[in-house]
Amino acid sequence: MGIIERIKEIEAEMARTQKNKATEYHLGQLKAKIAKLRTQLLEPPKGSSGAGEGFEVTKYGHGRVALIGFPSVGKSTLLTMLTGTHSEAASYEFTTLTCIPGIIHYNDTKIQLLDLPGIIEGASEGKGRGRQVIAVSKSSDIVLMVLDASKSEGHRQILTKELEAVGLRLNKKPPQIYFKKKKTGGISFNSTMQLTHVDEKLCYQILHEYKIHNAEILFREDATVDDLIDVIEGNRKYMKCIYVYNKIDVVGIDDVDKLARQPNSIVISCNLKLNLDRLLAKMWDAMGLVRVYTKPQGQQPDFSDPVVLSADRGGCSVEDFCNHIHRSLVKDVKYVLVWGSSARHYPQHCGLSHVLQDEDVVQIVKKKERDSEGRGRFKSHTTGPARIADREKKAPLKN
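Not measured: the values here are computed from a predicted model.

1. A look at the overall build of the chain
Phase 1 of the analysis: Along the chain, the regular secondary structure elements total 10 helices and 15 strands.
Phase 2 of the analysis: Put simply, the chain has 399 residues, and 41% of those count as buried.
Phase 3 of the analysis: Pairs at least 24 residues apart make up 64% of the contacts formed inside the chain by residues separated by at least 6 positions.
Phase 4 of the analysis: Accessible surface computed for the chain: about 23800 Å², of which carbon and sulfur atoms make up 49%.

2. Some remarks on the sheet that holds strand S11 (residues 289-294)
Phase 1 of the analysis: Taken in spatial order, the five strands line up as S12-S11-S15-S13-S14 in an open sheet, and their pairing is mixed. Each edge of the open sheet is held by one strand with a lone partner, namely strand S12 (302-310) and strand S14 (348-350). Taking the axes of each pair of neighbouring strands and ignoring which way they run, one obtains an average angle of 40° across the sheet.
Phase 2 of the analysis: Relative to strand S15 (residues 360-366), strand S13 (residues 333-339) runs antiparallel, the two being bridged by six bridges. In the sheet register, Trp339 faces S15, and the bridge partner there is Val361.
Phase 3 of the analysis: Along the sheet, helix H10 (residues 318-325) makes contact with S11, S12, S13 and S15, crossing S12 at roughly 115°.

Calculation notes
- Residue positions within a chain follow its written sequence, with the count starting from 1.
- A pLDDT threshold of at least 70 governs which residues receive local features in this predicted model, and a stricter bar of 80 or more applies before side-chain atom pairs are shown or counted, although totals over entire chains, interfaces and linings include all residues.
- Remark: hydrogens and water are excluded; side-chain values derive from all non-hydrogen atoms of the structure.
- Secondary structure is summarised from DSSP: a helix means a run of H or I of at least four residues, a strand means a run of E of at least two, and numbering begins at the N terminus for each.
- Each residue's exposure class comes from its accessible area (1.4 Å probe, protein chains only) as a fraction of the maximum for that residue type: buried when under 20%, exposed when over 50%, partly exposed otherwise.
- Residues count as neighbours in contact if any of their non-hydrogen atoms are within 4.5 Å of one another.
- Each accessible area is a Shrake-Rupley estimate made with a 1.4 Å probe; only the visible protein chains count as cover when residues are assessed.
- Pairing between strands is defined by DSSP: at least two bridges between them are needed.
- Think of each axis as a best-fit line through the C-alpha atoms, taken over the contacting stretch in the case of a helix, with angles from 0 to 180 degrees between the N-to-C directions.

Right, here's the structure in full:
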């Protein structure tokens, strides 16, 4: 029996099992088994050499956005309208067969937009080259899930389920669970609050399913069984996702209003070019890019070419800003002068730990090189020994 058949068999057993207090331990073990099998499904087959065939393209710009959706929902048309890059669009499905990159120039930054082939139900199991498509989306900063406003709401649940099956968690934060494997000492279970979904016995059973018998685990929030399994697996990626509903020109105004009020959602029409500016603004807010302008000493700031930072790519502190310019600059920094929304007054003297905000102006003041010989009357011209006892004694005067 293959891995996919075993996963389907366990899912069928979970569907048959009633959910109550008596079966929660059994269901927890079944969830752990499914997570292990799906991790094995993502691993390359044994004996294979070299890289597999995929859609990966070179990273370019200050951020990367992936377009994911079912076939014929308008992904290629959206790429062409936002970037100007031609991506073939037709009335039949699976027009796009490979990854097509484009560049969005927005707010003095360059954002790479990837048009990926449409995925279908069962993509996490490899159907329709879905595994390669999802692998590219894992390397992006945010995901734009393009949906057809005239279709049923079930498409959104299907795509979310396929992405979660391969370890992508959309619009979620990592669970506050501390987990560390140990060599000896057994399992140490602690929590800082009352747990309603997990208890000590269920935690032990899940850890034994992974053959972990010595570990330290601490719950800092009321997490679920799925959160515990994600922490044990350790290969989950938490990403922001924007749900883009296209083709709003073919549905009623009440349906459009209902879709637009959903969280992390935006409605557009590529055919009539509606609401594309709002889409770019929402994408900019989700990426959290920070533009920092440099100011040379005694000169005007350079507003033409900003240094772009982000929390997902290194951080937004002054130290990250210095490392972005040059690695050796941090040790030469005495202090920095900051103008902008992150400063309390203009200019503010800041250290390396100060967190910068969008459109700040920074001037770096470097340490001055000290003269090792001293200055003024303290300057030593002699090359003799420093200690008096080591100096050469003069000959006594003749009487």
